[in-house]
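Examination of the molecular architecture
As a plain string of letters, each chain reads:
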Amino acid sequence: MNSSSLQQIFIDSCLINNFVLAMFLGICPFLGVSNKTDTAVRMGAATTFVMIVSSLAAYGIHVALMAINAPYLHLISYIVVIASTVQFVEMFIKKTSPALFRALGIYLPLITTNCAVLAVALFQTSREYNVLQAAVFAFGSGAGFTLALLIMSGIRERLETADISAVVKGAGLTLMIAGVLSLAFMGFAGMGK
């Protein structure tokens, strides 16, 4: 059992060990969906929802697998839960907001293979969080993911109107910004234990 406080778990997962900017997990949607702020917010919300649902399901799966002494089934069980949750989110978004569904494009089904989502389930299991700690960890991780998307989309929207040399425009500039953001988030490391 992990004795970390809920506030400490949230701050750690959101800022100190941000999956995108400190651990470099979930980079594909970070770079691909961060062109517009409204799309970034919705992608962040969808990923956060998937993280929370799969985290809670992973907690239950972990308890069940440990009860029957089958810990070797953790990984495949987590992947099945994540894929199922993403399918649910994809059907929901397609039904309620076809425009958002088109805007997210291939990145929506790629939440299934987003390593940040799988990392939530694996990290919470290895850290032995209880169900409430696991939920807070997933929410903090999703909030951190959304924060990274929002910051990047805000910068990229501002750069659309800036006079930038053609040499650095595009992917090169995006990667440089991601690197500077990552360095900035490393400053939060001092807040940890």
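Structure: above.
Report follows, based on the coordinates. None of the values given here were measured: they were computed from a predicted structure.

For helix α1 (residues 6–16), the set of buried residues is Ile9, Asp12, Ser13, Cys14, Leu15 and Ile16. The secondary structure elements touched by the buried residues of α1 are α7 (131–159) and α8 (171–185).

Of note in the backbone geometry, Phe24 takes a positive phi value of approximately 60 degrees without being a glycine. Of note in this structure, Glu128 is not a glycine but carries a positive phi near 55 degrees. Among the structural elements, Glu128 can be located in the loop between α6 (115–126) and α7.

So, about the environment of His62. Residue position: His62 is located in helix α3 (residues 37–67). Those residues within four positions of His62 in sequence are excluded, and the remaining contacts are His74, Tyr78 and Thr125.

Note that soluble globular proteins tend to have their nonpolar side chains buried in a common cluster. Among the nonpolar cores identified, the biggest contains 41 residues, and Phe19, Phe30 and Ile111 are the most heavily contacted of them. Among the elements of the structure, α1, α3, α4 (74–96), α5 (98–104), α6, α7 and α8 are those that each provide at least two residues to this core. When near neighbours in sequence (up to four residues on either side) are disregarded, Phe19 contacts Phe24, Leu25, Met51, Ala116, Ala119, Val120, Phe123, Phe137 and Ser141. Membership of the second largest hydrophobic core comes to seven residues, among which are Ala58, Ile61, Leu65 and Ala121.

We now examine the side chain of Ser34. With respect to the helices and strands, Ser34 occurs in the loop between α2 (27–32) and α3. Within the structure, the side chain of Ser34 is placed 2.6 Å from the backbone oxygen of Phe30, a separation counted as a polar contact. Of note is the side chain of Ser34, whose polar atom sits 2.7 Å from the side chain of Arg156. If we skip the residues at most four places from it in the chain, Ser34 touches Pro29, Leu149, Met152, Ser153 and Arg156.

Its place among the elements puts Asp12 in helix α1. Along the sequence, Asp12 and Phe137 sit 125 residues apart, while their C-alpha atoms lie 8.4 Å from each other. Residues in contact with Asp12, not counting those within four places in the same chain, are Asn17, Asn18 and Arg127.

The next thing to look at is the packing of α3 against α6. In contact at an axis separation of 9 Å, α3 and α6 are set at 35 degrees when each is read in the N-to-C sense. The way α3 lies across α6 gives a crossing that is right-handed. Judged by residue contacts, Thr47, Val50, Met51, Ser54, Ser55, Ala58, Tyr59 and His62 of α3 engage Ala116, Val117, Val120, Ala121, Gln124 and Thr125 from α6. Class assignment for the residues of the contact of α3 with α6 results in eight nonpolar, six polar and no charged.

Each value, and the rule that gives it
- Residues numbered from 1 in each chain as written.
- Predicted model: local features only at pLDDT ≥ 70, side-chain atom pairs only at ≥ 80, totals over all residues.
- Heavy atoms only, no water.
- Buried < 20%, exposed > 50% of the residue type's maximum accessible area, 1.4 Å probe, protein only.
- Helix = DSSP H or I, 4+ residues; strand = E, 2+ residues; numbered from the N terminus.
- Contact = heavy atoms within 4.5 Å.
- Core = buried A, V, L, I, M, F, W, Y, C linked by side-chain atoms within 4.5 Å.
- Polar contact = N/O pair within 3.5 Å; in protein donor to acceptor, adjacent residues only side chain to side chain.
- Axes fitted to C-alpha atoms, helices over the stretch in contact; angles between N-to-C directions.
- Left-handed = near helix turned anticlockwise from the far one by under 90°.
- Nonpolar A, V, L, I, M, F, W, Y, C, P; charged D, E, K, R; others polar.

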